[in-house]
Amino acid sequence: MVDLNTVTYRVATPSDCDSLVMFVNNAYGGEIARQGWTNANEIIDGQRTDRNAMDVMINNSDSIILVVFNKSDNILIGCVYLQHKSDIKTAYLGMLTVRPDLQRSGYGKMILSLGENYAKGQWNVDYIEITVIVQRTELVEFYNRRGYIEIGEYQPFPPDEFGRLKRNDLQICTMKKSLKT
Ligand SMILES: CC(C)(COP(=O)(O)OP(=O)(O)OC[C@H]1O[C@@H](n2cnc3c(N)ncnc32)[C@H](O)[C@@H]1OP(=O)(O)O)[C@@H](O)C(=O)NCCC(=O)NCCS
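In the annotation of an unreviewed UniProt entry, the entry for the chain reads N-acetyltransferase domain-containing protein, and the organism field reads Adineta steineri.

Chemist: Got a minute to help me understand the overall build of the chain in this structure?
Modeler: From N to C terminus, the chain includes 4 helices and 9 strands. Each of the three principal axes of the chain carries a C-alpha extent, and together these read 40 × 35 × 35 Å. Residue burial in the chain is summarised as follows: out of 181 residues, 46% are buried. A separation threshold of at least 6 residues defines the contact pool for the chain, and within that pool the share at least 24 residues apart is 66%. Total accessible area on the chain stands at roughly 9500 Å², and carbon and sulfur atoms take up 47% of it. Taking the average location of the 20 positive side-chain charges in the chain and that of its 22 negative ones, the two points are 5 Å from each other.

Chemist: Which parts of the structure should I look at to understand the UniProt feature "domain: N-acetyltransferase" (unreviewed entry) in the chain?
Modeler: According to UniProt, the "domain: N-acetyltransferase" (unreviewed entry) feature falls on residues 7-180. Helix makes up 27% of residues 7-180 and strand makes up 34%, while its end C-alpha atoms are separated by 27 Å.

Chemist: Can you help me understand the packing of aromatic side chains in this one?
Modeler: The description of an aromatic ring pair uses the distance of the two centres, along with the angle that the planes make with each other. This structure, assessed with the given rule, holds 5 aromatic pairs. Relative to Trp-123, the ring of Tyr-118 has its centre 5.7 Å away and its plane inclined at 90°; by these criteria the two rings are edge-to-face. Residues Tyr-118 and Trp-123 agree in their burial class; the two are buried. Seen from their ring centres, Tyr-143 and Tyr-148 are 5.7 Å apart, and the 75° between their planes marks the pair as edge-to-face. Taking relative accessible area as the criterion, Tyr-143 reaches 8% and is therefore assigned buried. Three or more aromatic residues joined by ring pairs form one cluster here, namely Trp-37, Phe-142, Tyr-143 and Tyr-148. Taking NZ or CZ as reference, Arg-48 lies 5.0 Å from the ring centre of Tyr-28, over its face. Note that Arg-146 overlies the ring of Phe-142, its terminal NZ or CZ placed 5.1 Å from the centroid.

Chemist: Just to check I follow, could you spell out helix 2 (residues 51-59) for this structure?
Modeler: In an α-helix, one turn spans 3.6 residues; hence positions three or four apart end up facing the same way. Within helix 2 the residues assigned to the buried category are Met-54, Met-57 and Ile-58. All buried residues of helix 2 fall inside an arc of 95° around its axis, so they share one side. Regarding helix 2, its N-cap is Asp-50, as a side-chain oxygen of that residue lies 3.2 Å from the backbone nitrogen of Asn-52 further along.

Chemist: Hey, could you run me through helix 4 (residues 137-145) in this one?
Modeler: Within the sequence span of helix 4, burial applies to Leu-139, Val-140, Phe-142 and Tyr-143. Down the axis of helix 4, the buried side of the element spans an arc of 155°, and every buried residue falls inside it. The secondary structure elements touched by the buried residues of helix 4 are strand 5 (90-98), helix 3 (107-123), strand 6 (127-133), strand 7 (149-156) and strand 9 (171-178). Looking one or two places after helix 4, you find Gly-147, whose phi comes out positive at around 95°.

What counts and what doesn't
Residues numbered from 1 in each chain as written. Predicted model: local features only at pLDDT ≥ 70, side-chain atom pairs only at ≥ 80, totals over all residues. Heavy atoms only, no water. Helix = DSSP H or I, 4+ residues; strand = E, 2+ residues; numbered from the N terminus. Buried < 20%, exposed > 50% of the residue type's maximum accessible area, 1.4 Å probe, protein only. Contact = heavy atoms within 4.5 Å. Areas by Shrake-Rupley, 256 points an atom, 1.4 Å probe, with all protein chains shown as cover. Lys, Arg positive; Asp, Glu negative; His and termini not counted. Charge placed at Lys NZ, Arg CZ, Asp CG, Glu CD. UniProt positions renumbered as here; feature names shortened; annotations may be inferred. Phe/Tyr/Trp six-rings, centres within 6.5 Å; stacked < 30°, edge-to-face > 60°. Lys NZ or Arg CZ within 6 Å of the ring centre and 35° of its normal. Arc of directions from axis to C-beta. Polar contact = N/O pair within 3.5 Å; in protein donor to acceptor, adjacent residues only side chain to side chain.

So this is what it looks like as structure tokens:
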């Protein structure tokens, strides 16, 4: 299991934009993504994100991206996006990504928990909300094991927003976790 002392993390700035676009796209789909244990290759073609979308996530006043680096060589290990929904004391968490060749070592769980702690510490939220493609059952199960519960909200996956869909029955479900103690 990875040790928090071996990593360093910070909030992404506009200068991280280009490297993050490449990093996220390489982990969600394409050949490099196959080095990891889960990716969207079987259901979506094309890019997960682009410069415009990343710019918005980095520059909006209600959202941040945490970027996590290996302390010893400063290699980017992973990232996670957080958006504050202050009216419902909730943070939306998305784009949880770990470099494919470093997956299955515990970084995903570590970064998820860093994101939860950031949202609780900075925004004092009571809940974390995520959306997951229902057909990626291995991911739904991964989040279940981290305390996320499906809340019964299902929507069709937005066509062409995140690449080209390879099937037309894709759905996203909302999952929630309470941070209240
Ligand atoms: C999802 C992701 C962030 C996980 O990162 P990671 O560093 O591999 O995660 P960890 O090493 O902390 O945990 C791996 C978990 O997956 C499980 N796992 C590993 N291989 C698996 C497989 N083939 N099938 C199902 N589960 C598997 C492990 O058992 C472990 O869960 P557990 O500790 O509850 O048993 C990473 O795979 C990723 O970046 N994927 C591409 C981008 C993406 O799809 N992100 C999710 C958006 S919702």
